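Coordinate analysis (summary)
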Amino acid sequence: MNSDLFVIPFNLGLYFILIYSVVRSTIWFRNLSRPDKLRLQRGFFGKPFMDSLKEIFMESLLHRKIFRKNPVLGYMHMSLAFGWFLLIVFGTIEADFFGEKHLNPPSHAIFFRWFNPDHGTEGLAKLYGFWMDLILAFILSGLLLAMVKRFIPGMMGMKKTTKHTWTDRIALISLWLIFPSRLMAESFTCGAHGSGSFLTGTLGSALASFLPAAEIAPFFWWLYSLSLGTFFFLLPVSRYFHIPVELLLIFMRNSGITTGDRHSSYTEVQTHACSSCGVCISVCQMSYAAGINDIQSAYLVKGLRNDRDIAAITANCLMCGRCEEVCPVGIELGPMRLIERRQGEREDRRLRFTERYELTRRRSTIEKEPTQSYGYLTREEPEHAEVLFFAGCMTHLTPSVIVAMKKIMESAGVRYRFMDEKGGVCCGRPLMLAGRDKEARELINHNSDIIWKSGARILVTSCPICYKVFRESYYLEAQVMHHSEFINLLIEEGSLRLGYLHRRVVYHDPCELGRGSGIYDEPRAVISYVAELQSAVQEGSMSLCCGGSLGNLTLSSGKRAVIAADAARTLTIASPDELITACPLCKKTFAQATETKVSDIAELVAAALPKQVASRSKKRPARHPAKASGNG
Amino acid sequence: MKGTPQHVIIAGGGVAGIEAAGTLADLGYRVTLVEKGDEPGGHILQWHALFPDRRPAGEVKSYLRKRIEHRNINIITRTTVEKIRHHGGGVAVNLSGGTEEKADAVIVATGFELFDARRKEEYGYGIYDNVITSAELEEMFNRNRIVKADGTVPSRIGLIHCVGSRDEKVNNNHCSKVCCVTAVKQAIEIRKMLPSCEVFCFYMDMRMYGPYYEELYREAQEFHNVNFIRGKVSEASVNINNRLVIKVEDTLAGRPLRMELDIMVLMVGMEMAGSGMKLAEASGMKRGINRFLETTDHHYGNNLSSIKGVFYAGTCTAPMNITDTISHARAAVAETVRYLNGK
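Residues numbered from 1 in each chain as written. Chains lettered and ligands numbered in written order. Predicted model: local features only at pLDDT ≥ 70, side-chain atom pairs only at ≥ 80, totals over all residues. Heavy atoms only, no water.

Attention now goes to the domain arrangement of chain B. Residue and element names in this part refer to chain B. Domain annotation for chain B reports domain 1 (7–111 + 273–341) and domain 2 (117–270). Centre-to-centre separation of domain 1 and domain 2, based on C-alpha positions: 31 Å. Between domain 1 and domain 2, the residue contacts involve 16 residues of the former and 27 residues of the latter. In this structure, the connection of domain 1 to domain 2 is made through one salt bridge. Its salt-bridge partner being Arg54, residue Glu219 comes within 3.4 Å of it at the nearest N-O pair. Taken together, domain 1 and domain 2 are joined by ten residue pairs in polar contact (both at pLDDT 80 or more). In terms of residue class, the side of domain 1 that touches domain 2 is made up of eight nonpolar, five polar and three charged. (Domains from an automatic or database assignment. Contact = heavy atoms within 4.5 Å. Salt bridge = Lys/Arg side-chain N within 4 Å of Asp/Glu carboxyl O. Polar contact = N/O pair within 3.5 Å; in protein donor to acceptor, adjacent residues only side chain to side chain. Nonpolar A, V, L, I, M, F, W, Y, C, P; charged D, E, K, R; others polar.)

Residue and element names in this part refer to chain A. Enumeration according to the criterion identifies 41 aromatic pairs over all chains in this entry. Consider the rings of Phe90 and Trp131, whose centres lie 5.3 Å apart with planes at 90 degrees: the pair is edge-to-face. Separated by 41 residues along the polypeptide, Phe90 in helix α5 (residues 71–98) and Trp131 in helix α8 (residues 123–151) bring together distant segments of the chain. When the centroid spacing of 5.3 Å and the interplanar angle of 75 degrees are considered together, the rings of Phe390 and Phe470 count as edge-to-face. (Phe/Tyr/Trp six-rings, centres within 6.5 Å; stacked < 30°, edge-to-face > 60°. Helix = DSSP H or I, 4+ residues; strand = E, 2+ residues; numbered from the N terminus.)

A word on the packing of helix α4 (residues 179–193) of chain B against helix α5 (residues 213–223) of chain B. All names here are of chain B. Interaxial distance between α4 and α5 falls to 10 Å at its minimum, and their mutual angle equals 40 degrees. Handedness of the α4/α5 crossing: left-handed. Contact with α4, carried on its side by Val181, Val184, Lys185 and Ile188, involves Tyr213, Leu216, Tyr217, Glu219 and Ala220 of α5 and no other residues of that element. When its residues are assigned to classes, the contact of α4 with α5 shows seven nonpolar, no polar and two charged. (Axes fitted to C-alpha atoms, helices over the stretch in contact; angles between N-to-C directions. Left-handed = near helix turned anticlockwise from the far one by under 90°.)

All names here are of chain A. Judged by side-chain polarity, Phe57, Phe85, Val89, Ile93, Phe97, Leu124 and Leu127 come together as a nonpolar surface patch covering roughly 660 Å² of accessible area. Secondary-structure elements contributing two or more residues to the nonpolar patch are α5 and α8. Here the element with the most residues in the nonpolar patch is α5; it accounts for four residues. When you line up the elements, Phe57 lands in helix α3 (residues 47–61). (Patch = residues over 30% accessible without salt bridge, like charges linked within 9 Å, V, L, I, M, F, W, Y side chains within 5 Å. Areas by Shrake-Rupley, 256 points an atom, 1.4 Å probe, with all protein chains shown as cover.)

So this is what it looks like as structure tokens:
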């Protein structure tokens, strides 16, 4: 028997990473807020636990989501993750079943062939050996694809991949060496002993025919152990840390923990759960339309992980949410970026190697001090109203939308008050997007006061930006409705009589209304009621951003125009008569970017109103649309 | 000149095209003037009076009319030049309608288009009745009647500068040069026609670059009580009395301002004409980021295209007033003649 000192690197690495993971998870848990701790504890003994196990199996091992998007990429991830998992599970069973004794240390399972060189020449053991070789071949096929992807990303349908740091590179090399060195180690040992199955046996006997297999074998066993050990040691400071952390993230998310508005253990976990896969770069319009390739979410997270000054990255984003929609790990990228926007100055320090192993980061949200106050705003005494209409600043820049909404509400006999007819106060969302929550809160309080005092039961707004903040950050009794929802309600309850327009139209989901607020069906129902709705190439949750987003704090007009032109081209590919949107900002942006007529959904509906609207509405009794909504 | 006279085609019968045609004809060249409208003349045909001296536009119009009454000039109306290409030693052009014309050189004088004010939706053009453009105001001067859409006489009119000019949001970074002084001229005319009507000009800068422009600006303030407010109008709406309400920041006083107006006049800027863009596209003529035709040198090659035998005249290269357009057209003729003599 040869000396088996070679297991030391593996053992050290394994016990280091196990202890490190346990300690770090414990600290993360300890730093959770009280409610989040309770959520996690409750989740551990209930359905969330089972859901998490299922999700871990489907996503972390099988990589179902990536598979659906790109089968080759999915296979690559699956063969490495699931294959390695199988190798560990069946290797442990093999060592337990065929080994000298039960309950072996892990090294005995991992280096089974070294300890049992003559094993598996007949019977069940031979069959089992075949199975183990099959798993190894499965992993090696994935590894081959991974190498191809690294050198020729286009082959895997990926336009962009993220850049590696040097620790990532060493970790990657050690990861890549693990399985080929195992193959070579097992083959040489099998070759020397005449054992092994179709892969290790065949390769082994071939090698042994012209090489001194028994002498060479230990070299590869050392290499195998060293690459495993190196990989485990570098794991916490490399991108591959995402593998164990993602498991924790799945448990936390399924227990109901969300990002919130400041840094916490959960943002830490999300930061480390990012695999830098680059899917967020591929779908980013800033990347493929405007050629900006250094601000995407993968770089934001990487900057957070390494404690860099990422203010420029943070500010330069449309906040459209497409990356969050496709993130295979399910990181809440939008809220994470907003937290960073709230952050004041941060020094840009390059972490020393050892610092990157630190168990806790001193990252805290030092919120910017308010730069201005809205103390000059005077309190208003609004008139009582059943329905309150808030056009919003952006809608005031598209007066045709206001004119259309007035016509529609008059035609339906809605008794409404126009809250910001003479100019109102901003809803606060643009300030929140800029990370200025304290200032935004002043505006929110001002508007809330007016809305409460009006006694309105429904608050209708024409702007998805206002809509989102009304729903999420205001405490209101009134039901908040975007005008597309409100028009749909008016149609459903029969108070709006409309003709049919013989126009083919395409609908653009505004970011804040679709992905931001989940309103996809109502606008489509309204449009289909009055015109022929074509489907768009990218719609629903993958709808494009118009490029005019208030979410980006630094993007130039020129780049915005390029993004707008690209999005408009995609939307009008089937040459519709009209491009319909439900956001004044999208309307204004697209109007500069395409020859196709651009209208708001309210304008389309107003065009379908019967003529002589004014005289008709006077004859009709006023109606209260809220009655039909049930929850108004 | 001996033998048959050389032939030059001029694309566009506005001020530049007419001046170039007349000058070439005087020099003995044969000219074909291609005009897309019913008659040559261009934008000036709609104009009532010209800055800086407010002389009647008719005086310049009759000068231009006489300029092309020449036996060497053949005028083709309701036609556009669609493509210019090389043919033998000269050039050939494709005309709308499918015909072809051969010549020794071409002068492109396709001119400008007024900015479509509907693209600045926040000003409500096409939505509110009493929002009009500077060109429509000029037509009111022609009819000698300034009234609101309902026929009543306005008591306050606002002129909004830089509509579609110096505005990144509509992809126009350029200054259209003539709108400031046009606004001053029109403000004075309103005040003279309706002495009881207040007039406000909302500007970013007053660009009084030409001779006697500054004097006109001073006159407007000293003798005609025109109010100038530095600030860009952000939005317009109508109130219950159907009066326009504008929001603007008075940047000199440093405070926001809301004002009611009876008529809002949008001083629309100049953009490269659509027909010129199509011609440039089809013929491989270069355009700058402001979409106007790009000449070979801003200083000493300002009539030259990168295509042999093709020359540029007038506002197809940049916004210009009438004075500069006429000079630019004569310069284009000089370049054309130099080229033809060298052939």
